[in-house]
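Letter by letter, the chains look like this.
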Amino acid sequence: KNQVEQSPQSLIILEGKNCTLQCNYTVSPFSNLRWYKQDTGRGPVSLTIMTFSENTKSNRRYTATLDADTKQSSLHITASQLSDSASYICVVSTRDFGNEKLTFGTGTRLTIIP
Amino acid sequence: DAGVIQSPRHEVTEMGQEVTLRCKPISGHNSLFWYRQTMMRGLELLIYFNNNVPIDDSGMPEDRFSAKMPNASFSTLKIQPSEPRDSAVYFCASRQWTGDNSPLHFGNGTRLTVT
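The shown structure was predicted, so the numbers you read here are calculated from the model rather than taken from an experiment.

A.B. asks: Could you give an account of the pattern of salt bridges, with specific residues and numbers?
C.D. replies: Applying the stated rule across the entire model yields 12 salt bridges over all chains. Across the pair Lys37 of chain A and Asp39 of chain A runs a salt bridge whose closest N-O atoms are separated by 3.8 Å. As a salt-bridge pair, Glu83 of chain B and Arg64 of chain B come within 3.5 Å of each other at their nearest N and O atoms. Residue Glu83 of chain B is found in the loop between β8 (74-79) and β9 (88-95), and its partner Arg64 of chain B is found in the loop between β6 (53-56) and β7 (65-71); the two are separated by 19 residues along the sequence. Given a relative accessible area of 23%, Glu83 of chain B falls into the partly exposed group. Residue Arg64 of chain B is classed as buried on the basis of its relative accessible area of 10%. One salt-bridge network, held together by shared partners, links Glu62, Arg64, Glu83, Arg85 and Asp86 of chain B.

Have a look at this one:
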């Protein structure tokens, strides 16, 4: 069964500190992995996508990694800001006869405190 | 672009009543998705359309749920009759699917409370 597990479930850190969110998946065959950020009361917004051939990708203070062998991804946030407080959702894509199927993790709730 | 527009933002209704949620996708997008989000289960796909045609409705909980997409710019999700366990946030998302890795664009959701 395709599954996406995220850890930790919730995390509280001080402003300015770094943190790393984890995503493990059993989805097969793998197509891509995307991280979404969901602010309270809003819909998720795509942060970055990782394809099979990519190991690391950075977008400002966010760095995503992918290890396709161990089926793990991480999202590292550097020098956290109050605006980083949100849920971060890992979504893994698989293709089945040309149709894409998305499997969602339940998210990590990140709270940045001043 | 205004993004994906959902209405209403909040809906409170009594058990047994009919509820209709509305969605206007981003202009030019050819795929539309309805998701339900709860604390326990996260985001769950209910149904999605390609070019206004329902492709996968296996996530629709039961016959009380129905979805339509009469044209490329409008979709509805109806629950009749509603039950307290339907309480959740319902999201609509759209994208331009061309076989590549295009992201979903989500609306801000409808928070449904059934008492």
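A.B. asks: Can you tell me about the layout of surface pockets, naming the residues and giving the values?
C.D. replies: Counted as a void, the largest pocket has a volume near 860 Å³. Leu102, Thr103 and Phe104 of chain A together with Leu43 and Glu44 of chain B are the residues nearest the centre of the largest pocket, which is lined by 31 residues in total. If you list the elements that add at least two residues to the lining of the largest pocket, you get β1 (4-7) and β10 (99-104) of chain A together with β4 (31-38), β5 (42-50) and β6 of chain B. Among the elements that line the lining of the largest pocket, the one with the most residues is β10 of chain A, at 6 residues. Of the residues that constitute the lining of the largest pocket, the class distribution is 11 nonpolar, 10 polar and 10 charged. Here the second largest pocket defines a volume of roughly 680 Å³. Lining of the second largest pocket is provided by 25 residues; of these, Gln38 and Ser87 of chain A together with Gln37, Thr38 and Met39 of chain B occupy positions nearest its centre. Listed by contribution, the elements that provide at least two residues to the lining of the second largest pocket are β9 (86-96) and β11 (108-113) of chain A together with β4, β9 and β11 (110-114) of chain B. Residues belonging to the lining of the second largest pocket are distributed by class as follows: 5 nonpolar, 15 polar and 5 charged.

Reading the values: rules and limits
- Residues numbered from 1 in each chain as written.
- Chains lettered and ligands numbered in written order.
- Predicted model: local features only at pLDDT ≥ 70, side-chain atom pairs only at ≥ 80, totals over all residues.
- Heavy atoms only, no water.
- Salt bridge = Lys/Arg side-chain N within 4 Å of Asp/Glu carboxyl O.
- Helix = DSSP H or I, 4+ residues; strand = E, 2+ residues; numbered from the N terminus.
- Buried < 20%, exposed > 50% of the residue type's maximum accessible area, 1.4 Å probe, protein only.
- 1 Å grid on protein atoms, 1.4 Å probe; cavity = no way out; pocket = protein on both sides within 12 Å on 5 of 7 lines; lining within 4 Å.
- Points joined across faces, edges and corners; volume = space filled by probe spheres on them.
- Nonpolar A, V, L, I, M, F, W, Y, C, P; charged D, E, K, R; others polar.

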